[in-house]
Amino acid sequence: MQTIDSISQLRSYLWKAKLEHKVIAFVPTMGNLHEGHLQLIDRALEEADLVVASIFVNPLQFGPGEDFNGYPRTFIADQEKLMSRGCHVLFAPSVEEMYPATNISSTVVKVPHLDQLLCGASRPGHFTGVATVVSKLFGIVQPDVAIFGLKDFQQFLVIKQFTNDLCLPVKIIGAPIARAESGLALSSRNGYLSAIELDQAAHLYRCLIECRLALESGQKTFDKLAEHAQCQLESVGFTRDYFKICRQDDLQPATSDDTHLVIVAAAYLGKARLIDNIRLTLTP
Ligand code: PAF
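Asker: An account of the overall build of the chain is requested, with residue identities and associated values reported.
Answerer: Assigned secondary structure in the chain consists of 11 helices and 9 strands. Its C-alpha atoms give the chain a radius of gyration of 19 Å, near enough to 19 Å, the size a compact globule of 284 residues would have. Summarising its shape, the C-alpha atoms of the chain cover approximately 55 × 40 × 35 Å along the three principal directions. In the chain, which comprises 284 residues, the proportion classed as buried is 51%. Counted over contacts in the chain with a minimum sequence separation of 6, partners at least 24 positions apart contribute 71%. Accessible area of the chain: about 13,400 Å², with a carbon and sulfur share of 53%. Each charge class in the chain was averaged separately, 26 positive and 31 negative side chains, and the resulting centres sit 1 Å apart.

Asker: Tell me what's going on with helix α8 (residues 153–165), and back it up with residues and numbers.
Answerer: One full turn of an α-helix is made of 3.6 residues, so residues set three or four places apart face in the same direction. Look at α8: 18 Å from first C-alpha to last across 13 residues, which is about the 18 Å you get at 1.5 Å a residue. Here α8 has its buried residues at Phe153, Gln154, Gln155, Phe156, Leu157, Val158, Ile159, Phe162 and Thr163. Immediately beyond the C-terminal end of α8, within one or two residues, lies Cys167, with a positive phi of roughly 55 degrees.

Asker: Explain the environment of Ala101 residue by residue, including any values.
Answerer: Relative to the assigned elements, Ala101 resides in the loop between α4 (95–98) and α5 (112–115). Taking the C-alpha atoms as reference points, Ala101 and Val145, separated by 44 residues in sequence, lie 30 Å from one another.

Asker: Residues and numbers for the packing of aromatic side chains, please.
Answerer: Within the structure shown, the criterion is met by 7 aromatic pairs. With 5.8 Å between their ring centres and 75 degrees between their planes, Phe62 and Tyr71 make a pair best called edge-to-face. Using a relative accessible area of 11% as the deciding quantity, one classes Phe62 as buried. An aromatic cluster of at least three residues, connected via ring pairs, comprises Phe26, Phe138, Phe148 and Phe162. In this arrangement the basic side chain of Arg73 is found over the ring face of Phe68, its NZ or CZ atom lying 4.9 Å from the centre. The cationic tip of Arg179 hangs over the ring face of Tyr205; the distance from NZ or CZ to the ring centre is 3.6 Å.

Asker: Residue-level account of the state of the cysteines, with values.
Answerer: The final tally for this structure, using the stated rule, is 0 disulfides. Distance from the sulfur of Cys231, which forms no disulfide, to the nearest cysteine sulfur (Cys207) is 10 Å. With a relative accessible area of 37%, Cys231 lands in the partly exposed category.

Cut-offs used in this document
- Residues numbered from 1 in each chain as written.
- Predicted model: local features only at pLDDT ≥ 70, side-chain atom pairs only at ≥ 80, totals over all residues.
- Heavy atoms only, no water.
- Helix = DSSP H or I, 4+ residues; strand = E, 2+ residues; numbered from the N terminus.
- Rg over C-alpha atoms; globule rule 2.2 N^0.38 Å.
- Buried < 20%, exposed > 50% of the residue type's maximum accessible area, 1.4 Å probe, protein only.
- Contact = heavy atoms within 4.5 Å.
- Areas by Shrake-Rupley, 256 points an atom, 1.4 Å probe, with all protein chains shown as cover.
- Lys, Arg positive; Asp, Glu negative; His and termini not counted.
- Charge placed at Lys NZ, Arg CZ, Asp CG, Glu CD.
- Expected span 1.5 Å × (residues − 1).
- Phe/Tyr/Trp six-rings, centres within 6.5 Å; stacked < 30°, edge-to-face > 60°.
- Lys NZ or Arg CZ within 6 Å of the ring centre and 35° of its normal.
- Disulfide = S-S within 2.5 Å.

Written out as structure tokens, the structure is:
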């Protein structure tokens, strides 16, 4: 596996692959890789001849007081994991390489109808930071396909939306959520949890499943179901952020006529803010 930290070197490396008409798949990450990330690499290898992963902790998507400085950086271990999983190229730029001169991006990519909701309401500016860095990375790597985990479902929709709106020739693929045996969605931020909190954290998925069962059994009182889940989460030690039943395509609150639903949740536990979701289709 080649590790490259400069945009120009990466471009020259990929130029040859493009001349040979190789299909390039891209897996952007912020590092601290777990099995969920590595499953994205597996999926990328199924899709393409050449797999490029990136590790870049993007300052633009962290708000003031968030964990940018403390975000776990485990570069050597990440490099080994990517190599042993068969990744071909690791792009690992510095902040200066990605945001030269001022360290901030003067041009930003904003997806207004999706970026103010849910995680966007709790983390103002977050999705503009994500959309901006991902579109820069798309411009640098120029992949045919890019793979994102569906745990960050709102992020996935934001990326699909700007890719489509800006006519970028990249196929966006969502990969299933990787879970621990307890059901807890794998996340780099799970590392902030103590052993006791890790047990408590599994309740987030249990509440989502309980809510899905209620919806599948025909319950339509969405607000009541969500409030019940929030109270259950609080009773096991979470602090609430949101728990909502939404439409899958635009994350607007679902109505009783909607059939393609996603139950989305975010809650604080100890030092971590955890997110998770379940998608479901109801038969009308
Ligand atoms: O999901 C992530 O790890 C990040 O938001 C991403 C897509 C790599 C952009 O920094």
